[in-house]
Amino acid sequence: MRYLTFALTKGRLASKTMELLEKTGITCEEMKDKGTRRLIFVNEELKLRFFLAKGPDVPTYVEYGAADIGIVGKDTILEEGRKLYEVMDLGFGLCRMCICGPPEARELLNGHGQIRVATKYPNIAKDYFFNRRHQTADIIKLNGSIELAPIVGLSDVICDIVETGSTLRENGLEVLEEVCPLSARMVVNQVSMKMEDERIRRLINELKAVL
Ligand code: PRP
């Protein structure tokens, strides 16, 4: 039997995934060693392999077949636009993609003039402003601390993830519009879905049973 390979999003999503898999009887003892710098972990008995990657790289590993299965946020799936099957909502990592800004930016959003939008998700922002709102927007790509942008005058609004809302509150910003709800998803390589159909379907059913 060949290894079934999982690409996990490093950090909280990976820990949550392993917790969920444990409930179905899938464990990976090697991964529990918090001090380890290893990137690949194996369960020999079940012929499973797990590796940890940066979120935006997970869909890439899955599309190219370097991983059969990926666990990644819906935000990343939308942003990366890779060819893969999204097979399951895992129900954790719940948050929302929103357009946020200072209250006075509401007027700009309701008008039809140019608006400057800072974001880590340029494709999601473009799709939202151009295709859904039919509004001209100047999309500015940033890599983090997006809330800074409207405060220091780089942009009018941001397109970003809101989880508890505390980053917004503590910086005098608010949710102006919701783009879409987000959560962790399981994605599958298109060839693996055919070649490993039985193993993958069994896994999905076992996960559904414990969710
Ligand atoms: C994310 C997101 C917001 C914040 C939202 O940033 O970009 O800044 O979390 O969470 P909250 O609603 O619970 O406050 P992250 O912590 O991933 O860091 P980043 O600034 O590097 O994007």
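Everything below is about the structure printed above this text.
Residues numbered from 1 in each chain as written. Predicted model: local features only at pLDDT ≥ 70, side-chain atom pairs only at ≥ 80, totals over all residues. Heavy atoms only, no water.

(A) The overall build of the protein chain, seen in detail. A tally of regular secondary structure across the protein chain gives nine helices and 11 strands. Along the three orthogonal principal directions, the C-alpha set of the protein chain runs to about 60 × 35 × 30 Å. Considering only intrachain contacts with a sequence separation of at least 6, the fraction spanning at least 24 residues in the protein chain is 67%. When the accessible area of the protein chain is evaluated, it comes to approximately 11100 Å², of which 50% is carbon and sulfur surface. Within the protein chain, the 31 negative side-chain charges are centred at a point lying 3 Å from the centre of the 30 positive side-chain charges. (Helix = DSSP H or I, 4+ residues; strand = E, 2+ residues; numbered from the N terminus. Contact = heavy atoms within 4.5 Å. Areas by Shrake-Rupley, 256 points an atom, 1.4 Å probe, with all protein chains shown as cover. Lys, Arg positive; Asp, Glu negative; His and termini not counted. Charge placed at Lys NZ, Arg CZ, Asp CG, Glu CD.)

(B) Layout of empty space enclosed by the protein. A complete count under the given rule lists one cavity of 30 Å³ or more for this structure. The space that makes up the largest cavity amounts to roughly 30 Å³. At three residues, the largest contribution of residues to the lining of the largest cavity is made by helix α1 (residues 12-23). Split into classes, the residues belonging to the lining of the largest cavity amount to seven nonpolar, one polar and no charged. (1 Å grid on protein atoms, 1.4 Å probe; cavity = no way out; pocket = protein on both sides within 12 Å on 5 of 7 lines; lining within 4 Å. Points joined across faces, edges and corners; volume = space filled by probe spheres on them. Nonpolar A, V, L, I, M, F, W, Y, C, P; charged D, E, K, R; others polar.)

(C) The packing of α1 against helix α9 (residues 197-210), seen in detail. Viewed as axis vectors pointing N to C, α1 and α9 meet at an angle of 95 degrees, and their least axial separation amounts to 9 Å. Accordingly, the angle class assigned to the pair α1 and α9 is roughly perpendicular. Touching Leu20, Leu21 and Lys23 of α1 are Leu203, Leu207 and Val210, all from α9. Its residues placed into classes, the contact of α1 with α9 shows five nonpolar, no polar and one charged. (Axes fitted to C-alpha atoms, helices over the stretch in contact; angles between N-to-C directions. Parallel < 35°, antiparallel > 145°, perpendicular 65-115°, else oblique.)

(D) Summary view of the site of the ligand. The immediate surroundings of the ligand are formed by Lys120, Gly144, Ser145, Glu147, Asp160, Ile161, Val162, Glu163, Thr164, Gly165, Ser166 and Thr167. Contacts to the ligand include Ser145, whose backbone N or O atom sits 2.7 Å from an oxygen atom. Asp160 places a side-chain nitrogen or oxygen 2.8 Å from an oxygen atom of the ligand. In the complex, 65% of the free accessible area of the ligand, which totals 500 Å², lies under the protein chains. Mapping the ligand onto the cavity grids shows that it belongs to the largest pocket. Among the elements of the structure, β9 (157-162) and α7 (166-170) are those that each provide at least two residues to the shell around the ligand. With three residues, the single largest contributor to the shell around the ligand is β9. Split into classes, the residues belonging to the shell around the ligand amount to two nonpolar, six polar and four charged. (Near = heavy atom within 4 Å. Polar contact = N/O pair within 3.5 Å; in protein donor to acceptor, adjacent residues only side chain to side chain. Sits in = over half its atoms within 2 Å of the grid points.)

(E) Layout of the sheet that holds strand β1 (residues 4-9). Ordered by their spatial adjacency, six strands build an open sheet running β2-β3-β1-β4-β11-β5, and the pairing between neighbours is mixed. Across the chains shown, the open sheet's two edge strands, defined by having one partner strand only, are β2 (40-43) and β5 (85-89). With strand direction ignored, the average angle separating the axes of adjacent strands in the sheet is 25 degrees. One ladder, built from four bridges, connects β5 with strand β11 (residues 184-188); its direction is antiparallel. (Pairing = 2+ DSSP bridges.)

(F) Looking closely at the side chain of Thr17. With respect to the helices and strands, Thr17 occurs in helix α1. Residue class for Thr17 comes out buried when judged on its relative accessible area of 4%. In this structure Thr17 touches Leu8, Ile71 and Phe92, once residues within four positions along its chain are discounted. (Buried < 20%, exposed > 50% of the residue type's maximum accessible area, 1.4 Å probe, protein only.)

(G) Structural detail: the nonpolar core. Formed by 27 residues in total, the largest nonpolar core has its most connected members in Phe6, Leu8, Leu21, Phe50, Ile69, Met186 and Leu203. Elements with a minimum of two residues in this core: β1, α1, β3 (48-53), β4 (69-73), β11 and α9. The element best represented in this core is α1, accounting for five residues. Ignoring sequence-local partners within four residues, the contact set of Leu21 consists of Phe6, Ile26, Phe50, Leu203 and Leu207. Grouped together as the second largest cluster of nonpolar side chains are 20 residues, Cys95, Ile99, Tyr128 and Cys159 included. (Core = buried A, V, L, I, M, F, W, Y, C linked by side-chain atoms within 4.5 Å.)

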